[in-house]
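Here is what each chain is made of, one letter per residue.
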Amino acid sequence: MLLRQLGASTRLVGAGIHASPHVLRSRAPGCLRQFRIHPQHQPRRPSLQAVSLPRATSRAASTASAFSSFSSSRTTKRLRNFILTTALITTLAGGYILATDTRSSLHTYLVPPLLRLLFPGPAGAEPAHAFGVQTLSRLYSLHIPLHDRSGFLNPFDLSITLFGHPLTSPLGIPAGLDKHADAVDALFAADPGLGVLEVGCVTPKPQPGNPGVRVWRLKGSEGMLNRYGFNSVGSVEVARRLRERVRRFALEHHVSAADVVDGLLPLPGDLQNNGNNKNSDRVVQQPLPASLIPGRLLAVQIGKNATTPADDLPRVVEDYVFCVNTLGPYADLLVVNVSSPNTPGLRTLQSRAPLTQILSAVVDAAERVPRRVKPKVLVKVSPDEDTQAQIADICKAIAASGVSGVIVANTTTRRHGLLGVGVVSAEERVVKEEAGGVSGPTLYPRMKKLVGRYRRELDDMGLRGDGVGVVVVGCGGVRRGDQVVEVMNKGAAGVWLYTGIVYGGVGTLGRVAREVRGVIRGGLAAKAATKVEEQGRIE
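As the structure is a prediction and not an experimental result, all values here were calculated from the model. (Residues numbered from 1 in each chain as written. Predicted model: local features only at pLDDT ≥ 70, side-chain atom pairs only at ≥ 80, totals over all residues. Heavy atoms only, no water.)

Participant: Help me out: how do you make sense of the overall build of the protein chain in this one?
Facilitator: Along its length, the protein chain carries 18 helices and 15 strands. Partitioning the contacts of the protein chain with sequence separation of at least 6, the portion at a separation of at least 24 is 73%. Only carbon and sulfur atoms are counted for the fraction: they give 58% of the accessible area of the protein chain, which is about 27,700 Å². (Helix = DSSP H or I, 4+ residues; strand = E, 2+ residues; numbered from the N terminus. Contact = heavy atoms within 4.5 Å. Areas by Shrake-Rupley, 256 points an atom, 1.4 Å probe, with all protein chains shown as cover.)

Below, the structure written as structure tokens:
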């Protein structure tokens, strides 16, 4: 036993493991525990002061230096990643703001030329149009709508009253841009200067319109030539789309769709009642336009089918009345188109007798629309029926039928004076040889004169135009704010523009609205300065 324990201790020492004397004594047999081990026989522990560690010190210093360098590198890398991430987020945010702001020059100088580049030639004009409208609609449905980030215009700057409705602006978009009511909400969101949006033209039954290439860009004069021919998905489908807008609005605001159609909307405080509006004493009802946006109006243009003969007046009347009955509940304004040059025989309906019969039937049908606020009826006329006798006949039909307004004017089939500066031979050939109606800046002088002539004729007949009676709306070739003011000074209650948007981008109306505001303010300032000067002379 003794030898075994001594052997274990010896093995520990031999292995370089120095057991303390206390351990050795504890493991020694009792007969040996009385002996003490002399210090000189105890195994020596290496002294840290006695050991020279030049290599270890160098290695430690190297390790410390490497660690310091690594730590510095990590800090630099983190800082660099933070800066790059911040820059990326800022760039993306700035790009998003720029791309979705209709005031951006991106939408004026890049998008329109890019669409012409992506959809070149005569065959590309119509696909470019469809692509633009669908893109606006899709972005809106994805909750990233294009809009003017300056906010809505001050209603006291450009506000008007039209048919008893307060509007934020006299500006509007005529039919043709959104033919099938695909992008109503997107267009309202995009332009704060938009007071009236007109969709269509809508026909009773679906029809493809004219075949082949049917729209051309006239870039030299920034105009367009089209012969679409009332391509339409039909009044039933357009009514379904407008009804779907009403349904979504009703669900969002916890009211019934019938109340929305009737223009009855609870105040915001009442909407917080979890949609429980059974207590009528708590519901304050406000008039709501069919646009579903206060200060805006939604117009729907209606026309007859191409298969309906123009000389069969009862069938023509039936077409228009069918559209009124189908679309009237979802429109603030109904626009009767009897002036398109692209439907055979349509312009013959502008004669006094047939026009009176059509408009009277439309007004009567509008009065029977199941809606508390009945839609007003307007008629869109041609700029080519410009003799005094023709203007007088149209105004007499308006007076006899009870129509509320006239839109001057549709596209023109006249070719004289329509070629602007810089027109290339290809555009000259299109204007001279292709059938259809021309729109754009070259139509502006004629439109402005016609607005004044219609206003004077209606005034002479005792039909006031103060925004409540029979109004005149100018439409054709407007591109700038000063032109809007000129047309309104001729007697127009509103000014609508379309071709200018094709070349100026989706933010055109906002830009024009700001220009109008600037012209008005400049005029007021000039009048004030003149008044001060006159008072100074008197003193």
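Moving on, there is more to tell.
Participant: What is the right way to read the environment of Val-373 from this model?
Facilitator: In this fold, Val-373 is placed in the loop between α12 (352–367) and β11 (376–381). Through-space distance from the C-alpha of Val-373 to that of Ala-290 is 9.2 Å; in sequence the pair is 83 residues apart.

Participant: Explain the packing of helix α15 (residues 444–460) against helix α16 (residues 481–489) to me, please; I cannot follow it from the model alone.
Facilitator: Between two packed helices, both the angle of their axes relative to each other and the distance between the axes serve to describe the pair. Close contact between α15 and α16 brings their axes to 8 Å; oriented N to C, the two are set at 30 degrees. As summarised for this structure, α15 and α16 are arranged roughly parallel, according to the angle between their axes. Taking contact as the criterion, the partners of Tyr-444, Met-447, Lys-448 and Val-451 in α15 are, on α16, Gln-483, Glu-486 and Val-487. Class assignment of the residues belonging to the contact of α15 with α16 gives a composition of four nonpolar, one polar and two charged. (Axes fitted to C-alpha atoms, helices over the stretch in contact; angles between N-to-C directions. Parallel < 35°, antiparallel > 145°, perpendicular 65-115°, else oblique. Nonpolar A, V, L, I, M, F, W, Y, C, P; charged D, E, K, R; others polar.)

Participant: What is the right way to read empty space enclosed by the protein from this model?
Facilitator: To find leftover empty space, one rolls a probe the size of a water molecule over the atoms. Taken as a whole and judged by the stated rule, the model has four cavities of 30 Å³ or more. Within this model, the largest cavity holds a volume of roughly 510 Å³. Along its surface, the largest cavity is lined by 37 residues, and Ala-175, Asn-226, Asn-410, Thr-411 and Tyr-498 are the ones closest to its centre. At the level of elements, β4 (196–202), β6 (223–226) and α17 (499–504) are the ones that each hand at least two residues to the lining of the largest cavity. At three residues, β6 tops the list of elements feeding residues into the lining of the largest cavity. Residue classes in the lining of the largest cavity are distributed as 17 nonpolar, 16 polar and four charged. (1 Å grid on protein atoms, 1.4 Å probe; cavity = no way out; pocket = protein on both sides within 12 Å on 5 of 7 lines; lining within 4 Å. Points joined across faces, edges and corners; volume = space filled by probe spheres on them.)

Participant: Would you mind going over the sheet that holds β4 with me for this structure?
Facilitator: Strand pairing within a sheet occurs via backbone hydrogen bonds; the two strands may be parallel or antiparallel. Around the barrel, which closes on itself, the eight strands sit in the order β3-β4-β9-β10-β11-β12-β14-β15 with parallel pairing between neighbours. Neighbouring strand axes in the sheet, compared pairwise and without regard to direction, differ in orientation by 25 degrees on average. The pairing of strand β10 (residues 333–337) with β11 spans five bridges and is parallel. Its bridge partner lying in β11, Val-335 is registered against Leu-378. (Pairing = 2+ DSSP bridges.)

Participant: I keep staring at the sheet that holds β6 and nothing clicks. Help me out?
Facilitator: One open sheet accounts for three strands, arranged β5-β6-β13; its pairing is antiparallel. Because the sheet does not close on itself, it has two edges, and the strands there are β5 (215–218) and β13 (437–439). Between one strand and the next, the sheet's axes are offset by a mean angle of 20 degrees, whatever the strand orientation. Pairing analysis gives three bridges linking β6 to β13, with the strands arranged antiparallel. Considered in β13, the bridge of Asn-226 is made with Gly-437. Lying over the sheet, helix α14 (residues 425–433) contacts β5 and β6, oriented at roughly 135 degrees with respect to β5.

Participant: Would you take a moment to explain the pairing of β4 for this structure?
Facilitator: Regular strands place side chains that alternate from one sheet face to the opposite one. Most of β4 is tucked away, with seven of its seven residues classed as buried. Where strand β3 (residues 171–173) and β4 come together, two bridges link them in parallel fashion. In the sheet register, Ile-173 faces β4, and the bridge partner there is Leu-197. Taken together, β3, helix α7 (residues 184–190) and β4 form a β-α-β motif whose crossover is right-handed. Bridge count for β4 against strand β9 (residues 297–302) is five bridges, and the pairing is parallel. (Buried < 20%, exposed > 50% of the residue type's maximum accessible area, 1.4 Å probe, protein only. Right-handed = clockwise from strand over helix to strand, strands pointing away.)

Participant: What am I meant to see in the pattern of salt bridges here?
Facilitator: Between side chains of opposite charge, a pair can form as their charged atoms come close. In this structure the tally under the stated criterion is 21 salt bridges. We note a salt bridge from Arg-245 to Asp-185, for which the minimum N-O separation is 2.8 Å. With Arg-245 in helix α8 (residues 235–253) and Asp-185 in helix α7, this residue pair connects regions lying 60 residues apart in the sequence. Grouping residues by exposure puts Arg-245 and Asp-185 together as buried. Where salt bridges share partners, they join Arg-347, Asp-384, Asp-386, Arg-414 and Arg-446 into one cluster. (Salt bridge = Lys/Arg side-chain N within 4 Å of Asp/Glu carboxyl O.)

Participant: It is not clear to me how the nonpolar core should be interpreted in this structure. Could you clarify?
Facilitator: Within soluble globular proteins, side chains that are nonpolar generally end up buried alongside one another. Ranked by size, the top nonpolar core spans 94 residues in total, and within it Val-300, Tyr-320, Val-336, Ile-358, Val-406, Val-408 and Tyr-454 carry the most contacts. If we skip the residues at most four places from it in the chain, Tyr-320 touches Ile-302, Gly-303, Lys-304, Val-336, Asn-337, Val-338, Leu-346, Ile-358 and Val-362. If you look at the next biggest cluster of nonpolar residues, it comprises 16 residues, including Ile-160, Val-196, Leu-333 and Cys-475. (Core = buried A, V, L, I, M, F, W, Y, C linked by side-chain atoms within 4.5 Å.)

Participant: Any chance you could explain the side chain of Gln-483 here in plain terms?
Facilitator: In this structure, Gln-483 sits in helix α16. The residues touching Gln-483, leaving out its near neighbours within four places in the chain, are Tyr-444, Gly-477 and Val-478.

Participant: What should I look at first to understand the packing of aromatic side chains in this one?
Facilitator: Ring pairs (aromatic) are described by centroid distance and by the angle formed between their planes. Under the definition given, this model contains one aromatic pair. Seen in terms of ring centroids, Phe-119 and Phe-131 are 5.6 Å apart; in terms of plane orientation they differ by 45 degrees. Their pairing is tilted. A residue pair is termed long-range when its members are at least 10 positions apart, and Phe-119 in the loop between α4 (106–118) and α5 (125–141) and Phe-131 in helix α5 qualify at 12 residues. On the basis of relative accessible area, Phe-131 is assigned to the partly exposed category, the value being 41%. For the cation-ring pair, Lys-179 lies above Tyr-228, with the distance from its terminal atom to the ring centre recorded as 4.2 Å. (Phe/Tyr/Trp six-rings, centres within 6.5 Å; stacked < 30°, edge-to-face > 60°. Lys NZ or Arg CZ within 6 Å of the ring centre and 35° of its normal.)

Participant: Even after reading the chapter, I still don't get the environment of Arg-296, so can you show me in this structure?
Facilitator: Position of Arg-296 relative to the elements: it lies in the loop between β8 (286–287) and β9. Since its relative accessible area comes to 1%, Arg-296 is described here as buried. The spatial distance from the C-alpha of Arg-296 to the C-alpha of Pro-166 is 8.0 Å, given a sequence separation of 130 residues. A distance of 3.4 Å separates the side chain of Arg-296 from the backbone oxygen of Asp-191, its partner in a polar contact. Of note is the side chain of Arg-296, whose polar atom sits 3.1 Å from the backbone oxygen of Leu-194. (Polar contact = N/O pair within 3.5 Å; in protein donor to acceptor, adjacent residues only side chain to side chain.)

That is the geometry; function is a separate question.
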